[in-house]
Amino acid sequence: MSTLAVRIGTRDETSRADMANAIRALSMDAVEKAKSGHPGLPMGMADVATVLFTRFLKFDPAAPNWPDRDRFVLSAGHGSMLLYSLLYLTGYEDITLDELKRFRQLGAKTAGHPEYGHATGIEMTTGPLGQGIATAAGMALAERLQNARFGDALVDHHTYVLAGDGCLMEGLSHEAIDFAGHLKLSKLIVLFDDNGISIDGATSLTTSMDQPARFAAAGWDVARVDGHDTEAVAAAIEAARASDKPSLIACKTIIGFGAPNKQGTAATHGAPLGAEEIDAARETLGWHHAPFDIPEPILMAWRAAGQRGQGDRQAWESRLEAADRAPRDIFEAGVRGELPGNFDGVVDSIKRAFSEQGPKLATRQSSQQVLEGLSEAVPGLIGGSADLTGSNGTKTKAYRPVTAKDFTGTYLHYGVREHGMAAAMNGLALHGGVIPYGGTFLVFADYSRPAIRLAALMGLRVIHVMTHDSIGLGEDGPTHQPVEHLAALRAIPNLLVFRPADAVEVAEAWACALKQSATPSVLCLTRQGLPSLKTEHTTENRTAQGAYALRLPQGARDVTLLASGSEVAIAMAAADILAAERIQAAVVSMPCWELFKRQSRAYRREVLGTAPRVGVEAAVRNDWDQWLGPDGAFVGMTGFGASAPAPELYRHFGITPEAVAEAARDALDGANKED
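Residues numbered from 1 in each chain as written. Predicted model: local features only at pLDDT ≥ 70, side-chain atom pairs only at ≥ 80, totals over all residues. Heavy atoms only, no water.

Whenever I open this one, the overall build of the protein confuses me. Can you help?
Scanning the protein from N- to C-terminus turns up 27 helices and 20 strands. Computed over the C-alpha atoms, the radius of gyration of the protein is 28 Å, within 12% of the 26 Å expected from 2.2 N^0.38 for a compact globule of 675 residues. Its C-alpha atoms give the protein principal-axis dimensions of about 90 × 55 × 45 Å. Counting only residues that meet the buried cut, the protein has 60% of its 675 residues in that class. A fraction of 78% describes how many contacts in the protein between residues 6 or more apart in sequence connect residues 24 or more apart. Within the protein, the 80 negative side-chain charges are centred at a point lying 3 Å from the centre of the 63 positive side-chain charges. (Helix = DSSP H or I, 4+ residues; strand = E, 2+ residues; numbered from the N terminus. Rg over C-alpha atoms; globule rule 2.2 N^0.38 Å. Buried < 20%, exposed > 50% of the residue type's maximum accessible area, 1.4 Å probe, protein only. Contact = heavy atoms within 4.5 Å. Lys, Arg positive; Asp, Glu negative; His and termini not counted. Charge placed at Lys NZ, Arg CZ, Asp CG, Glu CD.)

Structure below.
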């Protein structure tokens, strides 16, 4: 048994109560000082957190990123002062008493909700309810995947989640608990703050759900305990650690515990208690200390709890040092997020084959061929799909499915759970050691968007393969034809949205996505076949520039045609039409706007030119004007699609070479009239 599972010394119940009251005091003081925040959860769950951090959690503030540490996820992120108090009390250097006093202030590490990267000990950004528990399922899955590869000696830890009523009301929680229960992620333990209160009042206003019964139906072990009975909580955690299933412990608590006039009510949920109630709480709790003052004996007891993981961590380091060199190197490279040394060579060989063969493939098919090469070359690359494996082209011949009985596989069947898949991929990336990608249709980016946004906010290397990217999918009609989704995704900061035009650009897009250590990516891929446009091999990754001139006239440009994805071929055909009329058209492929924006101003000017511009994309116009200029034209969608074969739809909506050529003539005529 880990030394962390042993009770701390011979402290009596009073001293443990004092340790929990330290959390309560810091939380209510920080919220009061900020005049903003949520004191109720930290005060209500202080006893549970004290049991977890002093008796079970495997961690070491002196080595906060130790790979085999337990993960603690505060899914109910509004209760952030619980986490910040724990990090300060146990000795994390990033969270000082001054940082607690700066709670919710500009530049503080103690943001209103926990922000990944602001301070060590914060395992993920939480706040949007349900994201924490769903992401934690991915963390627990990563632990099992890594354990299957490297064994108990290097990977053997738990993921603990503190979730509230709101987390479990969100539909995302259903996807996550079903997925985790199906895979029997036994190292996942959820501590449910069952306080019966939400912002509007008692949860009985909105739900009659028996949450433990719901979890049990999904294949979880469940327990119900008094969240203020520390021995009952400890016994439940001990039992959960021994289970072969994921576990839910419903901890019946009193929100705002200790505030005599407000506890148990919504008044403690999301507002300061006020000076008068804080004074009363101090009296009720027997906490006769000034704001932010933690008596030395109590602080030392907490610091001792923080130091108890050093032995486990040092023992793990010894095991790592003693491990065979080859698996150890792979393990350490995975933790660092490194790609193999031959990665560029593998991508180059894939590109060369595409250039030489000139295949006419849907870009989803090109992507699958790229993955055939990458799946064996990149250790830790974990694929999956939300029940669209064949359509997305996300599974290769080398991949085997991950099951509850076999975690040595490298492919995840997420089921019809797009949101849960996106959140789980965030958890896989946060855990480290694996690089996740998952597939669905682009139109279902709406289901995945909250988790995609969090990945961008946290700076995670997560790759979303989103196929059937336009009206080009054809007969499934407007419910499945994305028209506004490219614009919506491009609006998210720190997200790369790729829309490659042919097989070579697909390979380049994959290379770009995998090389982004702190940026998620979306690959938007076609259902319909596209011609090869880059038939001369080059080692240079032009997609990495975001946009580039695919076709340049011999003389000066008369007009520039800008396009992405499947419409690049249409722009090329339009350039041929214009050339027959002695109108010199350049064609610019724009596979990734975000990367193009990173290029120098001089490069962007060179690519865009000074001639009139026409944009072409089977999507809404939206932000295209930033590239087109004040007099530019756009050929694309102005509304939703329709159900018909793809060629008919392109003609019906006027996205054709002839329409592009006509728009170019009009733009050129307008420019000439102005001259």
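I keep staring at the sheet that holds strand β7 (residues 247-252) and nothing clicks. Help me out?
Strand-to-strand pairing in sheets goes through backbone hydrogen bonds, with the strands running parallel or antiparallel. The sheet built from 5 strands is open, its strands ordered β1-β2-β3-β7-β6 with parallel pairing. Looking at strand neighbours, the two that pair on one side only are β1 (71-74) and β6 (221-226), the edges of this open sheet. Pairwise comparison of adjacent strand axes, ignoring direction, gives a mean angle of 20° for this sheet. Bridging between strand β2 (residues 159-164) and strand β3 (residues 188-194) involves 6 bridges; their strand directions are parallel. Pairing of T159 across the sheet is with L188, part of β3. Set on the sheet, helix α10 (residues 230-241) makes contact with β2, β3, β6 and β7; between it and β6 the angle comes to about 170°. (Pairing = 2+ DSSP bridges. Axes fitted to C-alpha atoms, helices over the stretch in contact; angles between N-to-C directions.)

Looking at this structure, how should I read the packing of aromatic side chains?
Here the distance between the centres and the angle between the planes together describe a pair of aromatic rings. As enumerated under the stated definition, the model contains 18 aromatic pairs in all. Measuring from ring centre to ring centre gives 5.0 Å for W593 and W624, while their planes differ by 90°; the resulting arrangement is edge-to-face. Of this pair, W593 sits in helix α23 (residues 593-597) while W624 sits in the loop between β19 (613-620) and α25 (625-628); the two residues are 31 residues apart in sequence, bridging distant segments of the chain. Assessed through its relative accessible area of 3%, W593 is described here as buried. The rings of W593, F596, Y603, W624, W627 and F634 are connected pair by pair, giving a single aromatic cluster. The ring of Y88 has R303 lying over it, and the distance from NZ or CZ to the ring centre is 5.2 Å. A cation over an aromatic ring shows up here: R490 above the ring of W593, its NZ or CZ 3.8 Å from the ring centre. (Phe/Tyr/Trp six-rings, centres within 6.5 Å; stacked < 30°, edge-to-face > 60°. Lys NZ or Arg CZ within 6 Å of the ring centre and 35° of its normal.)

I keep staring at the sheet that holds strand β16 (residues 548-551) and nothing clicks. Help me out?
Ordered in space as β16-β18-β17-β19-β20, the 5 strands form an open sheet in which the pairing is mixed. Taken across any chain shown, the strands that pair with only one partner, and hence form the sheet edges, are β16 and β20 (633-637). The sheet shows a mean angle of 30° between the axes of neighbouring strands, taken without regard to direction. Bridge count for β16 against strand β18 (residues 585-589) is 3 bridges, and the pairing is antiparallel. Within β18, the residue paired with Y548 across the bridge is S589. Here helix α22 (residues 567-580) sits on the sheet and contacts β16, β17 (559-563), β18 and β19; the angle it forms with β17, its principal contact strand, is near 160°.

Before we go on, may I ask you to explain the side chain of S355 in this structure?
Among the structural elements, S355 can be located in helix α15 (residues 343-357). Taking the relative accessible area as the measure of exposure, S355 reaches 5% and is therefore buried. The residues touching S355, leaving out its near neighbours within four places in the chain, are V504, K534, T535, E536 and H537.

Is there a simple way to explain helix α24 (residues 601-608) in this structure?
Turning to α24, its buried residues number three or more, namely Y603, V607 and L608. Seen from one end, α24 has its buried residues packed into an arc of 125°, which puts them on one side. Of the residues in α24, the exposed ones pointing more than 90 degrees away from the buried face are R601, A602, R605 and E606. Summarising the contacts, the buried residues of α24 are in contact with β16, β17, β18, α23, β19 and α25. Just downstream of α24, G609 is the residue with a positive phi angle, here 70°. (Arc of directions from axis to C-beta.)

How do you make sense of the pattern of salt bridges when you look at a structure like this?
Pairing is possible between side chains that carry opposite charge, provided their charged atoms lie close to one another. If you walk through the whole model with that rule in mind, you get 30 salt bridges. The salt bridge involving D156 is made with K187; its shortest N-O contact spans 2.6 Å. Taken together, the residues span a long stretch of sequence, with D156 in the loop between α6 (131-150) and β2 and K187 in the loop between α8 (171-182) and β3 at a distance of 31 residues. Put simply, R551 and D576 hold a salt bridge, and the shortest N to O gap is 2.6 Å. With R551 in strand β16 and D576 in helix α22, the pair connects residues that are 25 residues apart, well separated along the chain. Assessed through its relative accessible area of 46%, D576 is described here as partly exposed. Shared partners join several salt bridges into a network, and the residues in it are R16, R55 and E231. (Salt bridge = Lys/Arg side-chain N within 4 Å of Asp/Glu carboxyl O.)

Teacher, can you tell me more about the nonpolar core here?
Nonpolar side chains tend toward joint burial in soluble globular proteins. Grouped together as the largest cluster of nonpolar side chains are 104 residues, with contacts concentrated most on L141 and W302. If one sorts the elements of this core by residue count, helix α1 (residues 13-34) sits on top with 9 residues. Ignoring any residue separated from it by four or fewer positions in sequence, one finds W302 in contact with M19, A22, I23, T50, F53, T54, L86, L89 and T90. (Core = buried A, V, L, I, M, F, W, Y, C linked by side-chain atoms within 4.5 Å.)

How should I be thinking about the packing of helix α4 (residues 80-90) against helix α12 (residues 296-307) in this particular structure?
If you want to describe how two helices pack, look at the angle between their axes and the distance between the axes. At a minimum axis separation of 7 Å, α4 and α12 run at an interaxial angle of 90°. With respect to α12, the element α4 is oriented roughly perpendicular. Residues L86, Y88, L89 and T90 of α4 lie in contact with α12, whose contacting residues are L299, W302, R303 and G306. Per-class residue counts for the contact of α4 with α12 are 5 nonpolar, 2 polar and 1 charged. (Parallel < 35°, antiparallel > 145°, perpendicular 65-115°, else oblique. Nonpolar A, V, L, I, M, F, W, Y, C, P; charged D, E, K, R; others polar.)

Mind showing me how you'd approach the environment of A111 here?
As for its placement among the helices and strands, A111 is situated in the loop between α5 (97-101) and α6. Judged by its relative accessible area of 14%, A111 falls in the buried class. In contact with A111, not counting residues within four places along its chain, are S80, Y84, F103, R104 and H118.

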